[in-house]
Amino acid sequence: RPSKICTVWVCTARIRKFSIMSDICKVIDNLTCALCKELYKDPKYLPCHHFYCARCLQQLEIQSKIRCPECRNECTVPEGGVKDLPNNFYINHLVDELIIKHKVGNQENPKCEVCRKEYAIAFCSDCTLFLCDAYDCNKFHQNDDASRVHHFIPIGKYKPKVLRCWEHDKKLKFYCETCDQLVCSFCAVTEHVSHCYDTVNKMATKHRQKLKEFIAPLEEEISHLSNASNTLCKVEESIKQQADEVSTRIELYYTELIQKMVEQKEQLKKQACDIILQHQKAVTAQLKEIENMRAAALSVKKAHEDMENNSDQEMLSGKQQWLDSLLSVIEKCKSLNTRPVHLATTEFTPSEGLFPQFGQLRSTATPIPLSCEIAHLPKQSFCKNVIKFDIITKDSDGLQCSRGGAQVRVEMDRKPLQVRDNKNGSYLVTCFPQRAGIEKLSVFVNGQQIKGSPYNILISHDYTSISKPVKVVSNFGNFGRPWGISLSKNGMWAVVDYSNSFICVSNADDEFVKMIGSPGNHENQLECVFGVAFDDDNHLFVADDGNKVIKKFSPEGKVIHLFGQGKVSSVRGITVHNRKVYVTDKSKRCVLVFDTDGQYCFSIGSGYLRTPCDVDINDQLHVTDSSNHCIYTFTLDGNYLRKFGTKGSDRGQIGKPLGIATDLCGNVFVTDAMNHHVLIFDKDGFCIHCFGTKGHDNGEFHTPLGIAVGCNGKIYVCDYENKRIQVFSTCQSHSI
């Protein structure tokens, strides 16, 4: 049929639709737009989750901004205009159903409104027309250019509107998670073929479950806001009750006085009302803020309920907008203060005897700290040094509280610290850390942990005073030239005797325990060993360069595993971290990484390292490079970060770096075999101390190689040519 006829259908249908809307609006208030007072037409959600007709929102748009008529929040209109705002599919469905029911009335089978002969089998919600199939009224209406995109509903069975691809005019049967959009089958195998997508039904099931998980924290916040609102209502009622009681007492007291005291009575009553009003305003303002936030949270929750009734496609179309709103509301709820700003009491105290003033008002308000500031807290300090810092409590205006009295508790490593109330809203905290590492400082005010707590403080040993050893070990039987050394978690240490090809193991008291290995190429023998390392279970990993293998020994000294054959070429230093074994390979110019079961993982440093010697790890991987005269730093997955160290022979400079070790605070310890000293760098690569010189006396070195650092501040240095281990400590109590 000609398209002109369809145009006439549309025009006449609009006239009919207006009369239908007028009837329905009389009884269905929740389906009426608050702006145009008519049944919703294409309702759109604002970010605040209030919704209005699209045409009404277009009238409110000013310079791509819309201010919500209900909550007055301003939002930015999408680039595509109001039409790109999220649809309220649920309300649309209700309107469609009501229009059909209204038009059908008591008729079981409504007639076609085009031919007026046959019974209708479909309803066009855009034109509000019933259409039959006998004379192809429904078919022509759906195929006509003017009504092709209209929404058709089969009579007797409501079906959600099927969304179609604007580019290919195909049903949107898939959902692409990568792009967060519905796609048709053609788009799925072309533009989105490498993306993560699946059918709408499967994706909808998956994302409905995710939405339910997101709603849980919102329910908690709504409950919290409700409890806070109830508490504030009680506080407000208590203040009002106090006002009544004070006013009554004043009235009773002054009625017994003579007439000449009336003026003074009225003056006191006015003063009382002013004070009460100030308290009430503070609580009322806070209550209003909480109620507004509660209303916003309920609005997001209502939107979720609406989405639950939507089709899968419709839910997915609007889920991201809803998630953004939900996360925003939860964030605001968490940052909102829900405790009373202050607790106020107002009393009237009559004067004794007959004086010009027969009574006075006394009002007290106890400020509750709403926020705190930590002042003078260092990020780093030394063991056994006194640390002092202040906790400053602030009121609702962000100003320091005028007096103390708050319950302040500070803990370091779950142990309470000394806190002094300065009576001016500030509190002095004193602590005396006894060990190195990252200490967690937890601050509680009135039983609640403050924002930002716990704080991390880096506690380091003070190495700047190290010069002489506290012990020298050189009497381990046939002990030859020590090369590499490693410390276990329980204080044991193992040192490589390079000249004799065995390993000496000592206990935490530096007493000889056992010897592992002997020269040779058998399983339990060693040849040209450079590096050794303990893991967390006291297994010993040995870099056996002569046999081109990595050997894993049990705590009892038995070989339990060999690995790296065919992978390692010229191994030097070795360390173990988080069940990974890191080995420097001089020939391959990199660090090889294995797991503790011997499986090769990857390499680090290729293209950067020339002669890698030793390796150690804290949060980052550090490698000494003797040819480049510096230390390289990488992430644990192999990304280059930086290099540090300056080539030279002066104090603090590097000639030939070989051994390396790190402590819990990120300090890096490096032996320099050319300059015969030990350098200590901080975590940023700055040299903070250097000790030792060439010689044979205690505190002097002749080719220092391996180095290890304990958590107790002890430093073990392999003095290669002097055939000894020198032990240094931050506690300089010499026992040599």
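What you see is a predicted model; the values in this text were computed from it and never measured.

K.L.:
If you had to explain the overall build of the chain to someone new, which residues and values would you point to?
P.N.:
Of the regular secondary structure elements, the chain holds eight helices and 46 strands. Every one of the 736 residues in the chain was classed for burial, and the buried ones make up 48%. In the chain, the share of contacts with a sequence separation of at least 24, taken over all contacts with a separation of at least 6, comes to 50%. Accessible surface, the chain: about 37,200 Å² in total, of which carbon and sulfur atoms supply 49%.

K.L.:
Quick rundown of the sheet that holds strand β43 (residues 687–691)? Include the residues and the values.
P.N.:
The four strands lie next to each other as β40-β41-β42-β43, forming an open sheet whose pairing is antiparallel. Edge strands, defined here as strands with exactly one partner in the open sheet, are β40 (657–662) and β43. Between one strand axis and the next, the sheet turns through 20 degrees on average, direction left out of account.

K.L.:
Tell me about the sheet that holds strand β8 (residues 174–176), and please be specific about residues and values.
P.N.:
Reading across the sheet, the three strands line up as β9-β8-β10 and stay open at both edges, with antiparallel pairing between neighbours. The open sheet has two edge strands with one neighbour each: β9 (181–183) and β10 (197–199). The average angle at which neighbouring strand axes cross in this sheet is 30 degrees, direction not considered. As paired strands, β8 and β10 are joined by three bridges and run antiparallel to one another.

K.L.:
An account of the pattern of salt bridges is requested, with residue identities and associated values reported.
P.N.:
Per the stated rule, a full pass over the model turns up 20 salt bridges. The shortest N-O distance in the salt bridge between Glu38 and Arg55 comes to 2.9 Å. Taken as a pair, Glu38 in the loop between α1 (3–25) and β1 (43–45) and Arg55 in helix α2 (residues 54–60) lie far apart in primary sequence, 17 residues in all. Relative accessible area serves as the criterion here: at 34%, Arg55 is assigned to the partly exposed category. Residues Lys683 and Asp684 are paired through a salt bridge, measuring 4.0 Å at the closest nitrogen-oxygen approach.

K.L.:
Break down the nonpolar core for me, with residues and values.
P.N.:
Formed by 61 residues in total, the largest nonpolar core has its most connected members in Leu46, Leu218, Leu316 and Trp322. Here this core takes 12 residues from helix α6 (residues 200–255), the largest share from any one element. For Trp322, the contacting residues outside a window of four places in its chain are His49, Leu211, Phe214, Ile215, Val300, Ala303, His304 and Met307. Of all hydrophobic cores here, the second largest spans 22 residues; its members include Val410, Tyr427, Tyr455 and Leu458.

K.L.:
How would you summarise the packing of α6 against helix α8 (residues 312–335) if you had to cite specific residues and measurements?
P.N.:
At a closest axis distance of 10 Å, the pairing of α6 and α8 adopts a crossing angle of 25 degrees. Classified by the angle their axes make, α6 and α8 are roughly parallel. Crossing geometry of α6 relative to α8 is assigned as left-handed. Along the lines of polarity and charge, the residues of the contact of α6 with α8 split into 18 nonpolar, three polar and five charged.

K.L.:
So what about the pairing of strand β37 (residues 621–625)? Which residues, and what values?
P.N.:
Across the five residues that make up β37, a large majority, five, are buried. Of the two faces of β37, both are covered, the one formed by Leu621, Val623 and Asp625 as well as the one formed by His622 and Thr624. As judged from the four bridges shared by strand β36 (residues 612–617) and β37, these two strands associate in the antiparallel manner. Within β37, the residue paired with Asp616 across the bridge is His622. Where β36 folds back on β37, the antiparallel hairpin that results is connected by three residues. Two strands pair when backbone bridges link them, and β37 and strand β38 (residues 630–634) are joined in this way by five bridges, in the antiparallel orientation. What sits directly across from Asp625, in β38, is Cys630. What sits between the antiparallel neighbours β37 and β38 is a turn of four residues, in which His629 has the positive phi angle 55 degrees.

K.L.:
Outline the packing of aromatic side chains, supporting the account with residue identities and numerical values.
P.N.:
For the structure on display, the rule yields 21 aromatic pairs. Their ring planes at 65 degrees and their centres at 6.4 Å tell us that Phe541 and Phe563 sit as a pair that is edge-to-face. Residue Phe541 is located in strand β29 (residues 540–544), and its partner Phe563 is located in strand β31 (residues 559–563); the two are separated by 22 residues in the primary sequence. In this structure Phe563 comes out as buried when scored by relative accessible area, which is 3%. An aromatic cluster of at least three residues, connected via ring pairs, comprises Trp483, Tyr498, Phe530 and Tyr720. One Lys or Arg, Arg481, reaches over the ring of Tyr720 and ends 6.0 Å from the middle of that ring. The ring centre of Phe530 lies 4.0 Å from the NZ or CZ of Arg572, which sits over that ring.

K.L.:
Would you mind going over the state of the cysteines in detail, with residue names and values included?
P.N.:
One pass over the full model with this rule turns up zero disulfides. Cysteine Cys36 is unpaired, with the sulfur of Cys56 as its nearest cysteine sulfur at 3.7 Å. Given a relative accessible area of 24%, Cys36 falls into the partly exposed group. Between Cys75, a cysteine without a disulfide, and Cys48, which holds the nearest cysteine sulfur, the sulfur-to-sulfur distance is 6.7 Å. The buried category is assigned to Cys75, whose relative accessible area is 9%.

K.L.:
Account for the environment of Val717, with residues named and values stated.
P.N.:
Following the sequence through the fold, Val717 ends up in strand β45 (residues 715–719). Ignoring anything within four residues of it in the chain, the contact list for Val717 reads Thr671, Val678, Phe701, Pro704, Gly706, Ile707, Arg724, Ile725, Gln726 and Phe728.

K.L.:
How would you sum up unusual backbone geometry? Please name residues and give values.
P.N.:
Its identity as a non-glycine residue notwithstanding, His49 has a phi of 75 degrees, on the positive side. Topologically, His49 is positioned in the loop between β1 and β2 (51–53). The phi torsion at Arg72 lies on the positive side, around 70 degrees, for a residue other than glycine. Inspection of the secondary structure assignment puts Arg72 in the loop between β3 (65–67) and β4 (74–76).

K.L.:
Which residues make up the side chain of His304, and what are the values?
P.N.:
Structurally, His304 is set in helix α7 (residues 262–308). Discounting residues that sit within four places of it in the chain, His304 has contacts with Leu211, Ile215 and Trp322.

K.L.:
A description of the pairing of strand β18 (residues 418–421) should follow, citing residues and the corresponding values.
P.N.:
Where a strand is regular, its side chains alternate between the two sheet faces. Pairing of β18 with strand β19 (residues 426–431), which is carried by four bridges, proceeds in the antiparallel orientation. In the sheet register, Gln418 faces β19, and the bridge partner there is Thr430. Taken together, β18 and the strand that follows it, β19, pair antiparallel across an intervening segment of four residues, in which Lys423 is found at a positive phi of about 65 degrees.

K.L.:
Pulling in residues and values, what's your account of the environment of Asp413?
P.N.:
Relative to the helices and strands, Asp413 is located in the loop between β16 (408–412) and β17 (415–416). In this structure Asp413 comes out as partly exposed when scored by relative accessible area, which is 37%. Distance from Asp413 to Ile438, taken between C-alpha atoms, is 9.8 Å for residues 25 residues apart in sequence. With near-sequence residues (within four places) excluded, Asp413 lies in contact with Arg435, Glu439 and Lys440.

K.L.:
I'd like to hear about the confidence of the model for the chain, residue by residue, with values.
P.N.:
Chain-level pLDDT for the chain is 81 on average; 88% of the residues reach the 70-or-more range. The spread of mean pLDDT over the elements of the chain runs between α1, the lowest at 43, and β37, the highest at 95. In the model, residues 1–27 has pLDDT below 50 throughout and makes 40 contacts with residues more than four positions away in sequence or in other chains.

Parameters and conventions
Residues numbered from 1 in each chain as written. Predicted model: local features only at pLDDT ≥ 70, side-chain atom pairs only at ≥ 80, totals over all residues. Heavy atoms only, no water. Helix = DSSP H or I, 4+ residues; strand = E, 2+ residues; numbered from the N terminus. Buried < 20%, exposed > 50% of the residue type's maximum accessible area, 1.4 Å probe, protein only. Contact = heavy atoms within 4.5 Å. Areas by Shrake-Rupley, 256 points an atom, 1.4 Å probe, with all protein chains shown as cover. Pairing = 2+ DSSP bridges. Axes fitted to C-alpha atoms, helices over the stretch in contact; angles between N-to-C directions. Salt bridge = Lys/Arg side-chain N within 4 Å of Asp/Glu carboxyl O. Core = buried A, V, L, I, M, F, W, Y, C linked by side-chain atoms within 4.5 Å. Parallel < 35°, antiparallel > 145°, perpendicular 65-115°, else oblique. Left-handed = near helix turned anticlockwise from the far one by under 90°. Nonpolar A, V, L, I, M, F, W, Y, C, P; charged D, E, K, R; others polar. Phe/Tyr/Trp six-rings, centres within 6.5 Å; stacked < 30°, edge-to-face > 60°. Lys NZ or Arg CZ within 6 Å of the ring centre and 35° of its normal. Disulfide = S-S within 2.5 Å. pLDDT = per-residue confidence, 0-100.

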